[in-house]
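Observations on chain architecture
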Amino acid sequence: MYGEYPIVLGGETRGEVRVFPEGLMTVFEAAAEDPGYMLRLSVYGGGAEGYLGVMAPDGEGRVSLRRRLSRAALAGFPDPVEFAAPAGGLPVPPPM
C-alpha cells in the first residue's frame, strides 16, 4: 500500500497522494490543484474505495489533506491502492 499515487480529477492527474508508515500508523498525505469545489477524497483499487476526508485549501491555489490511520481503520481499504479521486463513486482509472 505504501507509495505515491495520482489524484485524478476530471479524467486528468491533478495531484498526488503519498502513503507511508509512521510508527504503528499509516499516513496519507494528499496535495492537488484546487478544483474550485469541496473535494472529498478517496483512494481506489481493485474495485474498492477507502474514504480519506475533505481536502482543505492552502491559500496558494492548492488543496491538501493529511490523515493518520490505524491498522483497524484501514480495514476495507483497497490494497493495493491504484489512484485517488473524488469520493462516492468508482471513477475510470487514469490512462497509463
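Up top you'll find the structure we're talking about.
All values derive from a computational prediction rather than experimental measurement.

The biggest cluster of nonpolar side chains holds 20 residues, and the ones touching the most others in it are Ile7, Val17, Phe28, Leu41, Leu52 and Met55. Every element with two or more residues in this core is listed here: strand 1 (3-9), strand 2 (12-22), strand 3 (25-33), strand 4 (40-45) and strand 7 (62-69). Not counting residues up to four positions away in its chain, the partners in contact with Phe28 are Met1, Val17, Arg18, Val19, Val43, Leu52, Leu65, Arg66, Arg67, Leu69, Leu74 and Phe77.

In this fold, Leu74 is placed in the loop between strand 7 and strand 8 (83-86). When neighbours within four sequence positions are excluded, Leu74 is seen to be in contact with Met1, Thr26, Phe28 and Leu69.

On inspection of all chains with the given rule, the structure shows 2 aromatic pairs. Arranged with centres 5.8 Å apart and planes meeting at 50°, the rings of Phe28 and Phe77 form a pair that is tilted. With a gap of 49 residues between them, Phe28 in strand 3 and Phe77 in the loop between strand 7 and strand 8 connect regions that are remote in the sequence. Across the pair, Phe77 and Phe28 agree in class, each one buried. Each ring, one from Tyr44 and one from Phe83, has its centre 5.6 Å from the other, and the planes form 20°; the classification is stacked. With Tyr44 in strand 4 and Phe83 in strand 8, the pair connects residues that are 39 residues apart, well separated along the chain. Neither residue differs from the other here; Tyr44 and Phe83 are each classed as buried.

Rules of the game
- Residues numbered from 1 in each chain as written.
- Predicted model: local features only at pLDDT ≥ 70, side-chain atom pairs only at ≥ 80, totals over all residues.
- Heavy atoms only, no water.
- Core = buried A, V, L, I, M, F, W, Y, C linked by side-chain atoms within 4.5 Å.
- Buried < 20%, exposed > 50% of the residue type's maximum accessible area, 1.4 Å probe, protein only.
- Helix = DSSP H or I, 4+ residues; strand = E, 2+ residues; numbered from the N terminus.
- Contact = heavy atoms within 4.5 Å.
- Phe/Tyr/Trp six-rings, centres within 6.5 Å; stacked < 30°, edge-to-face > 60°.

Read these as spatial facts, not as claims about activity.
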